[in-house]
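Examination of the molecular architecture
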Amino acid sequence: MSEDVPQYLAAHIHDRLADEADELGIRVDIRGDLVYLRGEVATPQQRQRVEAIARDIATGRRIRNEVHVVAVLEPEGEETLS
Amino acid sequence: MISVAAVGDLHVGSDVRGHYRKHLTGIADRADLLLVAGDLTRHGTVAEGRIAADELRDIGVPVVTVLGNHDYHSGAELEIAEVLRDAGVTVLEGNGTVVHCDGTRVGVAGGKGFGGGFAGRCASDFGEPEMKAFVGYTKSFAARLRHSLRSLDDADVRISLTHYSPVKDTLAGEPPEIYPFLGSYLLAEAIDESDVALAVHGHAHKGTEKGVTPGGVRVRNVALPVIQQAYAVYRLSEASGRR
Ligand SMILES: [Fe+2]
Ligand SMILES: [Fe+2]
């Protein structure tokens, strides 16, 4: 099965994240039986959703969810372009 | 001097309704206008377009936006633009507008733009129809951007606003393999043919804020994950030009 080939598995996870979670910017890397998810999402729920999708496909592998939730901070400072 | 607030990639959805708007309180004290560099929504549905419109309605300064690739995802880009216009937001797609800020005429031209890559490492208008369509779309957008920037000749300050990037400087942090999907040098070439004070874009969430076109125009990637604040503020004067 192509899911046993790490490169194909990473690509399939990436595709499903775009399809089902509308996340295009998550990097998926597979090292042995670990699946690393890296990138940024808007909410903690979305972070969990990304992990659940990866877990669903990557049966038998462990997930390392290194996805960050982007914090929108109050605007601060300015840049003068002269 | 005018103060331009800019942000991109809000990617609103029903789970974050009203979140962004909270950060816009007081924007009128900090900026003369707000530019939004596309990807207002996640899936490009009209429902999300309405949420985006509510975030940006009546914030106390004029809002000028372009759409991004996500806003096209459901084939509802025209409806989304309409919903935004109904909320008083100016939506550009290959055209320009002049905003009057305290006696300064600020010209903004732009649109979504598209990819293709950067000089020396870019797609060519050659081969299969699909490839020609890809490059042709960017070329025709660049022609409209060039024309609309030139048509802003009565503005005191000119700004280019796109979703895709005109340069690769501001993509630093993204994998180089995907640069051709993040922007095109054709946009920079169009920008460099007018006296542009600032080129604003989004789309490259893992990119870098600051860059410059080959012709010396300052480029700023204002994608929310890049600037990590509700909006960045750039102060420009009539004399702001190439570096
Ligand atoms: Fe985006
Ligand atoms: Fe985008």
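Presented here is an overview of the structure given in this document. Model, not experiment: these values are computed from the prediction. (Residues numbered from 1 in each chain as written. Chains lettered and ligands numbered in written order. Predicted model: local features only at pLDDT ≥ 70, side-chain atom pairs only at ≥ 80, totals over all residues. Heavy atoms only, no water.)

Quick notes on unusual backbone geometry
Residues and elements named next belong to chain B. Phi is positive for aspartate 9, which is not a glycine, with a value near 60°. Mapped onto the elements of the fold, aspartate 9 is located in the loop between β1 (2–7) and α1 (19–22). Backbone geometry places aspartate 102, a non-glycine residue, at a positive phi of 55°. By the element assignment, aspartate 102 lies in the loop between β5 (95–101) and β6 (104–111). (Helix = DSSP H or I, 4+ residues; strand = E, 2+ residues; numbered from the N terminus.)

Examining the sheet that holds strand β2 (residues 34–41) of chain A
All names here are of chain A. Ordered in space as β1-β2-β3, the three strands form an open sheet in which the pairing is mixed. A single partner strand is all that each edge strand has here, and the edge strands are β1 (27–31) and β3 (62–69). Each strand of the sheet is rotated relative to its neighbour by a mean of 15°, with strand direction disregarded. Inspection of the sheet shows β2 paired to β3 by eight bridges, in the parallel sense. Looking at β3, one finds that leucine 37 is bridged to asparagine 65. Across the sheet, helix α1 (residues 6–21) is in contact with β1 and β2; its angle to β1 comes to roughly 155°. Along the sheet, helix α2 (residues 44–57) makes contact with β2 and β3, crossing β3 at roughly 155°. (Pairing = 2+ DSSP bridges. Axes fitted to C-alpha atoms, helices over the stretch in contact; angles between N-to-C directions. Contact = heavy atoms within 4.5 Å.)

So, the coordination of the iron ion (ligand 2)
Residue and element names in this part refer to chain B. Distances from the iron ion (ligand 2) to its protein donors, namely Asp39 (OD), Asn69 (OD1), His163 (NE2) and His203 (ND1), fall within the range 2.1 to 2.2 Å. For the iron ion (ligand 2), the four donor atoms in the first shell make angles of 87 to 158° at the metal, a pattern classed as irregular. Taken in sequence order, the residues that donate to the iron ion (ligand 2) follow the motif D-x29-N-x93-H-x39-H. A distance of 3.3 Å spans the gap from the iron ion (ligand 2) to the iron ion (ligand 1), which aspartate 39 bridges by coordinating each metal. Taken together, the positions of aspartate 39 in the loop between β2 (33–37) and α3 (46–56) and asparagine 69 in the loop between β3 (63–66) and α4 (77–86) put the pair 30 residues apart, joining distant regions of the chain. We classify asparagine 69 as partly exposed; its relative accessible area is 21%. (Donors = N, O, S within 2.8 Å, 3.2 Å for Na, K, Ca; no water. Tetrahedral: all angles 85-135°; square planar, octahedral: opposite > 155°, others 65-115°. Buried < 20%, exposed > 50% of the residue type's maximum accessible area, 1.4 Å probe, protein only.)

A few points about helix α5 (residues 129–150) of chain B
For α5(B), spanning 22 residues, the distance from its first C-alpha to its last is 31 Å, which sits close to the expected 32 Å at 1.5 Å a residue. Considering only its buried residues, α5(B) is in contact with β5, β6, β9 (157–162) and α6 (185–191) of chain B. (Expected span 1.5 Å × (residues − 1).)

Here's the deal with the coordination of the iron ion (ligand 1)
Residue and element names in this part refer to chain B. All of the protein donors around the iron ion (ligand 1) are Asp9 (OD), His11 (NE2), Asp39 (OD) and His205 (NE2); their distances to the metal are 2.0 to 2.2 Å. Coordination at the iron ion (ligand 1) is irregular: its four donor atoms span angles of 86 to 172° at the metal. Sequence spacing of the donors to the iron ion (ligand 1): D-x1-H-x27-D-x165-H. What makes aspartate 9 buried here is its relative accessible area of 3%. Judged by its relative accessible area of 10%, histidine 11 falls in the buried class.

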